[in-house]
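Spelled out, the chains give:
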Amino acid sequence: MAATAPTRRGAPTGAPPTPGEPVRRQPSGSSITLTGRGGIVVVFGVALVGSVLGSESLLGIGVLPGVSFVIGCALAALTTRTADLLTVAVTPPVIFFLVAIIASIVDALGSGSLIRGVFVGVVTVLASGAPWLFLGTLLVLAITIPRGLLTNLRELRGRLVGRRLFEDDDYDDDPVRWDEPQT
């Protein structure tokens, strides 16, 4: 007779739950879920490793930085929890720019002028990597929209409705009056 794996404190899988004890349900989606920050770290890490390895000073594979960026975007979009999809959807351009700067710094360390090498490297990476940036950003949107990105946008808009960012009523909240002499 084969043993079944326990799901709650020694009870076999097929056993009915005991009264008063919470039932543990298996998640229906992926077993790995990331926060928004975790998704950003995944995109950044995968893209940075691909950019450094694909640089001319190491392997010299020209498509590796772009492919690694797109793979990182797809991984983050698939594994980030639904509540944090907006964070992952808006960050790929910023991550791409930061990775371009860091990879250019690493690549320019052996050259004569660090500033010139970084400048030329960033301009080159941004010009040659634009299609990869667009592909990664569109892929993130294509994955996150069915997962609930539009719901996150509606919730954000609902929280912001009725709030005024720059009201004149905040003037009374400041106890220090700069236009009056202090006694």
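The notes below deal with the structure included here. The shown structure was predicted, so the numbers you read here are calculated from the model rather than taken from an experiment.

1. Some remarks on the overall build of the protein chain
And step 1. Of regular secondary structure, the protein chain possesses six helices and zero strands.
And step 2. Across the 183 residues in the protein chain, those meeting the buried criterion constitute 27%.
And step 3. Partitioning the contacts of the protein chain with sequence separation of at least 6, the portion at a separation of at least 24 is 64%.
And step 4. Only carbon and sulfur atoms are counted for the fraction: they give 65% of the accessible area of the protein chain, which is about 12900 Å².

2. Observations concerning the packing of aromatic side chains
Given two aromatic rings, one states the distance between the centres and the angle between the planes to describe the pair.
And step 1. Counted by the stated rule, this structure contains one aromatic pair.
And step 2. Judged by centre distance (5.1 Å) and plane angle (75 degrees), the rings of Phe 69 and Phe 96 are edge-to-face. You can see Phe 69 sitting in helix 2 (residues 64-79) and its partner Phe 96 sitting in helix 4 (residues 92-108), a full 27 residues away along the chain.
And step 3. Judged by relative accessible area, Phe 69 falls into the buried class, the value being 1%.

Calculation rules
- The residue count restarts for each chain, going from 1 along the sequence in the order it is written.
- Owing to the predicted nature of the model, reporting of local features is limited to residues with pLDDT of at least 70; listing and counting of side-chain atom pairs is limited to 80 or more, with chain, interface and lining totals taken over all residues.
- To obtain the side-chain values, all non-hydrogen atoms of the structure were included, while hydrogens and water were left out.
- Working definition: helices are DSSP H or I runs of at least four residues, strands are E runs of at least two. Numbering for both runs from the N terminus.
- Exposure classes here rest on a 1.4 Å probe applied to the protein chains alone. A residue is buried below 20% of its type maximum, exposed above 50%, and partly exposed in between.
- Residues count as neighbours in contact if any of their non-hydrogen atoms are within 4.5 Å of one another.
- Accessible surface area values rest on a Shrake-Rupley calculation with a 1.4 Å probe, where residue burial reflects the displayed protein chains alone.
- Within 6.5 Å between ring centres, the rings of Phe, Tyr and Trp (the latter by its six-membered ring) count as paired, and their orientation is classed by plane angle as stacked under 30 degrees, edge-to-face over 60, tilted in between.

Keep in mind these values describe shape, not function.
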